[in-house]
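What the coordinates show
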Amino acid sequence: QNMLEELLIHKPDDPIQYMIDHLKQSNDDAPRICVLGPTASGKTTVAMWLCKHLDAVRISRETLLFKEILALTKEAKAYKERKQKIPNALWANLIQERLSNVDCIKQGWILEGFPENQEQAWMLQSAGIIPRHVVVLYAPDTVLIERNSGKRLDPVTEEVYHTTFDWPSDRLVQQRLVKPEDLSEQETSKKLLEYHRNFPGVFQTYQKVLKSFNADQPSMDVLSQVLTYVQTQHRSAAPFTPRILFCGPPGSGKSLQAALIAQKYGIVKICCGQLLKETVAGKTKLGELVKPYIDSGYPVPDNLVMKILAERLNALDCMTNGWVLYGFPRDIEQGELLQKAHLIPNR
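Residues numbered from 1 in each chain as written. Predicted model: local features only at pLDDT ≥ 70, side-chain atom pairs only at ≥ 80, totals over all residues. Heavy atoms only, no water.

1. Considerations on the packing of helix α8 (residues 118-126) against helix α11 (residues 185-206)
Keep this limit in mind: Where helices are involved, their axes are fitted lines through C-alpha atoms of the stretch in contact, as for all axes, and angles between N-to-C directions lie from 0 to 180°. Elements are defined by DSSP. Helices are runs of H or I of four residues or more, strands are runs of E of two residues or more, and each kind is numbered from the N terminus. When an angle is under 35 degrees it counts as roughly parallel; over 145 it counts as roughly antiparallel; between 65 and 115 it counts as roughly perpendicular; any other value is oblique. In what follows, residue pairs with any heavy atoms lying within 4.5 Å of each other are defined as contacts. For this classification, Asp, Glu, Lys and Arg are treated as charged, while Ala, Val, Leu, Ile, Met, Phe, Trp, Tyr, Cys and Pro are nonpolar and the rest, including Gly, are polar.
Direction vectors running N to C along α8 and α11 enclose 30°, while the axes themselves pass 8 Å from each other. Comparing their axes, α11 and α8 come out roughly parallel. Contact residues: α8 offers Gln118, Ala121, Trp122, Leu124 and Gln125, while α11 offers Gly201, Val202, Gln204, Thr205 and Tyr206. Across the contact of α8 with α11, the residue classes break down as five nonpolar, five polar and no charged.

2. Some remarks on the sheet that holds strand β8 (residues 243-246)
Strand pairing in a sheet relies on backbone hydrogen bonds, with the paired strands running either antiparallel or parallel. For clarity, the threshold we go by: Note: two strands are recorded as paired if DSSP finds a minimum of 2 bridges between them.
The sheet built from three strands is open, its strands ordered β8-β10-β9 with parallel pairing. The outermost strands of the open sheet, each flanked by one partner alone, are β8 and β9 (268-271). Each adjacent strand pair in this sheet contributes to an overall mean axis angle of 20°, direction not counted. Across four bridges, the pairing between β8 and strand β10 (residues 323-326) is parallel. Bridging across to β10, Leu245 finds its partner in Leu325. Seen against the sheet, helix α16 (residues 302-313) touches β9 and β10 and runs at an angle of roughly 175° to β9.

3. Quick word on the domain arrangement of the protein
Note: interface size is frequently given as the accessible area lost on complex formation between the parts. Test applied: An automatic or database domain assignment is the source of the domain bounds shown.
Here the protein is partitioned into domain 1 (31-231) and domain 2 (243-341). When each unit is reduced to the centre of its C-alpha atoms, the spacing between domain 1 and domain 2 is 51 Å.

Here is the structure:
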């Protein structure tokens, strides 16, 4: 899916070679996450925590300007020194340049505090930068204004602390903490107003991969909820053939549920025990091998069961309509045999 997105965005002259290069270089399982929210909502804390847990690369405006050596860094710093606003296009190009580095491709990335408006989001999309998950933190403005007044930064680790809610125990850390610029209540209110004005456009752009989290709760609760979300896979809208496996103890209702699903969705219902009996009744070569075990009441060897199952599950009706299986596997070894035979359920 990611490769198809890249093809549509970049429209390369040689699509085959582009796909080969993509498969060699890209890691489609690597996280691609944006962490957004108003000032003092905890974006930096969440982004740094996610980076530690996912072994991803954290990227923010500060890291791009002061931690990275990129071709466009000097130009961006010049705007900063003149106290001018850095153009959206320049930010997008800086981010694109950073994300093209090997560490971001292999490990994935956490983009903190960007995009801030719909124009920036569109620029990222046109550059082929499409997050899989967008985390949005929110809290009442009164809470955010109060938080911002006590905010302190560690210039060494870039971690954020608070004079009331999260003060470090290490005295050395306490001594080097600095008060960020623009912490007045008036300035914070101005930033919040601008955020509320711009956020609907960002939401519209990312609504299918965006989830909001209440930041006005214990930090570990926020972090746990965010981590759970970013580790989920979004369901694709592409058509697929259902391969469903029912497991459970005797009497749990596997056969009934399998029959209901098969009837509702028009897929093939397969009971392993019934399949073995049908194979014996069909007087095939496999049936002749299975018959002595069925007659004597002994379990049929797994290798024979797998041959019969593989033959049935690879039949045209199962391949076309999908299947729902129950009665196999009954243990880990049988489950591994299914995987080795590439008969892997998707539900």
